[in-house]
Amino acid sequence: MRKIAAVFSLVLAVGCSASAGPEEAGAEALSGGSSSILVPVAGAEKAVAAACGAELDATYCSAASARAASASCVAKLSADTSAQCGGACVVAYSPVRASCHAGATYPTRASCDAPVADDCSFYRACLEASQPCGDQGYALDFGERLCYAFVEEHGRFTPHGQSWLRRIRTCLQTSIVPTLHEGLACGALEDAAYAAHSPCYTQKGDSICHLPIRDVASIARILGTTLVSSRGLAQIREIAAACLFEGLGILSAAPPSRAFFQGLANAAEDESTLRAFLDQTDR
């Protein structure tokens, strides 16, 4: 199940990056490097993101400033939210960037036209701010939520997987930039965002088809089968077909076989068939 769920989930997911794990509580959990950003922990990400938009949409150039921002964020949280994440509601992550520029990641609307590498705040600070669709919309319920999930869990991935996830996330955010100026309705915005998924995931020279099995399994563990939908099933088939056509120049020592992708394509007809296929593969 994990191998396949990884493939279909990433077809649907907004591709995200990497960061400190949940066991590394608080802003002390810097992963090295000169820049750091704050990331809400899984399970409380929506409440934390809603309360701490300013702290999450910022880059910090010292551990002290990240700690201060973390404390500021925690002070804003309700007692219920704090209890939900045991008081350790944010972790600090050092993104891969050429240099550190302290302050708001997206200080102006114009700055949104150039998504910042290795960051998730684009979805709330830019996409949602430009075209509000609420907690159930693409920006917050899909893009932001999954981006933070992958950042928090970056330690589960190989260096190749981490690099791939960073590129995918940047590719997806960049592809959404034109919609910031189009005033699309929420449904049309979601259509436009989904349309960019497959091209980003199967980009020549760095395709999902080439990910090591360990990374595919980690993706599956994070996303599972929660993203199955009629749109998602169609994209699963599209990605599987792309991997079959590409010939599977896999880097892994034990790559998924051609039969694996063929089975995935055949199973992506409806949710029950796909779940049965995933369960069978997981045995």
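Everything here concerns the structure above.
Nothing here was measured: the structure is a model prediction, and the numbers come from that model. (Residues numbered from 1 in each chain as written. Predicted model: local features only at pLDDT ≥ 70, side-chain atom pairs only at ≥ 80, totals over all residues. Heavy atoms only, no water.)

Caption draft 1: Summary view of the pairing of strand β3 (residues 90–93). Along β3, one buried face is formed by V90 and A92 and the opposite face, lined by V91 and Y93, is buried too. The pairing of strand β1 (residues 37–40) with β3 spans four bridges and is antiparallel. Paired with V39 across the two strands is V91, which belongs to β3. (Buried < 20%, exposed > 50% of the residue type's maximum accessible area, 1.4 Å probe, protein only. Helix = DSSP H or I, 4+ residues; strand = E, 2+ residues; numbered from the N terminus. Pairing = 2+ DSSP bridges.)

Caption draft 2: Representation of the side chain of R169. By the secondary structure assignment, R169 is in helix α8 (residues 159–176). One polar contact links R169 to D118, side chain to side chain, over a distance of 3.4 Å. (Polar contact = N/O pair within 3.5 Å; in protein donor to acceptor, adjacent residues only side chain to side chain.)

Caption draft 3: How the structure looks around the side chain of T59. With respect to the helices and strands, T59 occurs in strand β2 (residues 58–59). Classification of T59 by relative accessible area gives buried; the value is 4%. A distance of 2.7 Å separates the side chain of T59 from the side chain of R97, its partner in a polar contact. The residues touching T59, leaving out its near neighbours within four places in the chain, are S35, S36, I37, R97, C100, H101, A102, G103 and T105. (Contact = heavy atoms within 4.5 Å.)

Caption draft 4: Inspection of the state of the cysteines at higher detail. In this structure the tally under the stated criterion is seven disulfides. Each disulfide pairs two cysteine sulfurs, and for C112 the partner residue is C126, the sulfurs being separated by 2.0 Å. Its S-S torsion of approximately -80 degrees makes the covalent link between C112 and C126 left-handed. In this pair, C112 is assigned in the loop between β4 (103–104) and α6 (122–130) and C126 in helix α6, connecting sequence segments 14 residues apart. The partner cysteine of C171 in its disulfide is C200, sulfur to sulfur 2.0 Å. The sign of the -80 degrees torsion about the S-S bond sets the C171-C200 disulfide as left-handed. (Disulfide = S-S within 2.5 Å.)

These values are about where atoms sit, not about what they do.
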